[in-house]
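# Commentary on secondary and tertiary structure
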Amino acid sequence: MVRMAQATPLPSPTPHLSRADLRHAGRDVLGLALMDARNHTLFLVGEFQKAMEEGGEELELPNVPDLHLPGLSPALNPPLWELGRIGWFQERWIGRNLQRHQGPRADPQAPPLASVFPRGDALWGEPGLPPARRWEATLPPLDDIKAYLLSTLESTLDLLAMTPDEADALYFYRLALFHEDMCGEVLVNLAQTLGLPLRVPLPKPGLVLDPITVPATRWQLGWDEERKGGGVFVFDNEVPAHEVAVPEFEIDAQPVGWNQYVEFVMDGGYDRPEFWLPAGWEWLQVQQKQDEGRRAPRHVQQIGAVRGDALNGGVFQSWFGQTLRMALWSPVMHLSWWEADAWCRWAGRRLPTEVEWELAAHQAAGRGFRWGDVWEWTATTFEGYPGFASGPWRAYSEPYFGRHKVLRGASLATRLRLEHPKFRHHAAPEADHLFCGFRSCAL
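Report on the accompanying structure. (Residues numbered from 1 in each chain as written. Predicted model: local features only at pLDDT ≥ 70, side-chain atom pairs only at ≥ 80, totals over all residues. Heavy atoms only, no water.)

### Here's the deal with the overall build of the protein
The following threshold applies: Numbered from the N terminus, helices here are DSSP runs of H or I no shorter than four residues, and strands are runs of E no shorter than two. Two residues form a contact once any of their heavy atoms are found within 4.5 Å. For the area figures, the Shrake-Rupley method with a 1.4 Å probe applies, and any residue is considered shielded solely by the protein chains shown.
Regarding its fold elements, the protein presents 10 helices and 13 strands. Sequence-distant contacts, at least 24 apart, represent 77% of the contacts inside the protein between residues at least 6 apart. For the protein, the exposed area adds up to about 18,600 Å²; of that, 53% sits on carbon and sulfur atoms.

### Here's the deal with the packing of aromatic side chains
So the rule is basically this: For Phe, Tyr and Trp, where Trp contributes only its six-membered ring, two rings pair if their centres lie within 6.5 Å, and the inter-plane angle classes them as stacked under 30 degrees, edge-to-face over 60, or tilted in between. We call a residue buried when its accessible area falls under 20% of the maximum for its residue type, exposed when it is over 50%, and partly exposed in between, using a 1.4 Å probe and counting protein chains only. The rule for a charge over a ring is simple: NZ of Lys or CZ of Arg within 6 Å of the ring centre, and within 35 degrees of the ring normal.
As enumerated under the stated definition, the model contains 32 aromatic pairs in all. When the centroid spacing of 5.5 Å and the interplanar angle of 40° are considered together, the rings of F178 and F233 count as tilted. With F178 in helix α5 (residues 167-194) and F233 in the loop between α6 (225-228) and β3 (242-246), the pair connects residues that are 55 residues apart, well separated along the chain. Just as F178 is buried, F233 falls in that class too. Through a chain of ring-to-ring contacts, the aromatic side chains of F89, W93, Y171, F172, F178, F233, F235, W375, W393, Y396 and F423 assemble into a single cluster. Above the plane of the ring of F369 lies R439, whose end atom (NZ or CZ) is 3.9 Å from the centre.

### A closer look at the environment of H101
Tracing the chain through its elements places H101 in the loop between α2 (79-95) and α3 (120-124). Sequence separation between H101 and A167 is 66 residues; the distance between their C-alpha atoms is 9.3 Å. When sequence neighbours within four positions are dropped, the list of residues in contact with H101 reads D168 and A169.

### Description of the sheet that holds strand β12 (residues 436-438)
Short version of the rule: DSSP calls a pair of strands paired once it identifies at least 2 bridges connecting them. Only the stretch in contact is used when fitting a helix axis, every axis being a line fitted to C-alpha atoms; angles between N-to-C directions are given from 0 to 180 degrees.
Spatially, the 4 strands line up as an open sheet ordered β11-β10-β9-β12, and their pairing is mixed. The strands lining the two open edges of the sheet, one partner per strand, are β11 (425-427) and β12. Strand-to-strand, the axes of this sheet are offset by a mean angle of 45°, without reference to chain direction. Lying on the sheet, helix α10 (residues 354-363) is in contact with β9 (375-381) and β10 (405-409); it crosses β10 at an angle near 5°.

### Concerning the packing of helix α1 (residues 27-54) against α5
Condition: Orientation labels follow simple angle bins: below 35 degrees gives roughly parallel, above 145 gives roughly antiparallel, 65 to 115 gives roughly perpendicular, and whatever is left gives oblique. Each helix crossing is assigned a hand: it is left-handed if the near helix lies turned anticlockwise from the far helix by less than a right angle, otherwise right-handed if that turn is clockwise. The classification used treats Ala, Val, Leu, Ile, Met, Phe, Trp, Tyr, Cys and Pro as nonpolar, Asp, Glu, Lys and Arg as charged, and all other residues, Gly among them, as polar.
Put simply, α1 and α5 touch, their axes get as near as 10 Å, and they point 20° apart. With respect to α5, the axis of α1 lies roughly parallel. By crossing handedness, the relation of α1 to α5 is classed as left-handed. Note on element contacts: α5 touches α1 through L170, Y173, R174, L177, E180, D181, G184, L187, V188, L190 and A191, opposite R27, L30, A33, L34, A37, R38, T41, L44 and F48. Broken down by class, the residue content of the contact of α1 with α5 amounts to 13 nonpolar, 2 polar and 5 charged.

### What about the side chain of S440?
To keep things clear, this is the line we draw: As used in this structure description, the phrase polar contact means that two N or O atoms lie within 3.5 Å; if the pair is within protein, one of them must be able to donate a hydrogen and the other to accept it, and residues adjacent in sequence are counted only when both atoms belong to side chains.
If you trace the backbone, S440 turns up in the loop between β12 and β13 (441-442). Among the polar contacts listed, one links the side chain of S440 to the side chain of R349, at a separation of 2.6 Å. Among residues more than four places away in sequence, those in contact with S440 are E250, I251, D252, V256, W343, C344, R349, R350 and P352.

### Details of the environment of A347
With respect to the helices and strands, the residue A347 is situated in helix α9 (residues 337-347). Take A347: its relative accessible area is 33%, and that puts it in the partly exposed class. For the pair formed by A347 and A442, sequence separation is 95 residues and the distance between their alpha carbons is 9.7 Å.

### A short note on the pattern of salt bridges
Stated precisely, the cut-off is as follows: What counts as a salt bridge is simple: a side-chain nitrogen of Lys or Arg found within 4 Å of a carboxyl oxygen of Asp or Glu.
Applying the stated criterion across every chain, the model contains 26 salt bridges. The salt bridge partner of E238 is R23, with a shortest N-O separation of 2.9 Å. Of the two residues, E238 is situated in the loop between α6 and β3 and R23 in the segment before α1; the sequence distance between them amounts to 215 residues. Taken as a pair, E238 and R23 share a single burial class, namely buried. The partner of D36 in a salt bridge is R415, with the nearest N and O atoms 3.2 Å apart. Residue D36 is found in helix α1, and its partner R415 is found in the loop between β10 and β11; the two are separated by 379 residues along the sequence. For D36, a relative accessible area of 12% gives the class buried. Through salt bridges with shared partners, a single ionic network connects E354, E358, R408, K422 and R424.

As structure tokens, this is what we get:
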């Protein structure tokens, strides 16, 4: 396991650059936020580099044989590839995009200008280098990629300074900012998967409250700010706005904690197929063969009931290269949708739909509905809203419709400006590398 003598905490962004108003941000604040995002990216890469050198590894980590991530190669890439992709994405949609002033109306099929980075499109484009080959490919040296990041940011800021303070004209700058923030979380996920020592804080203590009843209503999913002239940035899967009838429901005030999940494990939950959907049970059998009979979420080293003050009870989880005892009130994390669904079936409950989650986040916040520590699985299969139209970045949403599940909320690794109760994250149901958990609803 690669270790560092002294882990460094993740830096905090400047307060006025951190909140979700970056969806509305004008040119000047947006320029500062782009620089803040790049500084955060380079900080993370510096931590990866120090950890790799400590362990005698190269940053690109070619041919990692022990990741055991079947089906997850599109989600976890070598850090050097991820870093280059950030620069390529910004250059492709801003510096090389002759239609950038048209914003979401830009034609993604319009030929872009040539990349300043040799082989850039072949390595980081779409389709570019297939996911299965990224871990074994020969990637450019880190110094070359850092120079590429510098040049693309300088070009972006120069172009931004000449850009009108209008929503369409700023669309791709906002898109590049949020894309880099998402890639930063991917790098933190990768550090956790590989056991690299970043100092990421565990969830802070919070009151454990009774479930909340939300009365029946109609709720608007999606943003309609565009039509009202608000100039807000939206991802393509967040529009168009539409109303949904929501019957009364009861939902947990906080995500399911380890104290609740331990009971499922101790009751043989990982050995009882009656709690699992057939595809989930099949997934579990593969995991148990690969991970010495796995009977707990990913990264858990030991799990058991706590009796009195016994030091050998509770949950011990690998946390960025260290094994820590998790507070039993803290949210379960690093588990698949299959595991979340199985727990709900065992407990006689169910996962919330995404509209129930969003409604509760807006209307029950004053009654203790708490979110933001972990991404939360929902029962909803990821699809476009009625009337969906793909944005210029076609690979963002549409390829995953019908295959992924919706996650809502945010995690400890999410940049604050990306957090919003309407933001739709999504992942394959077997994805357990994320900082993801769940909450439940009454049947």
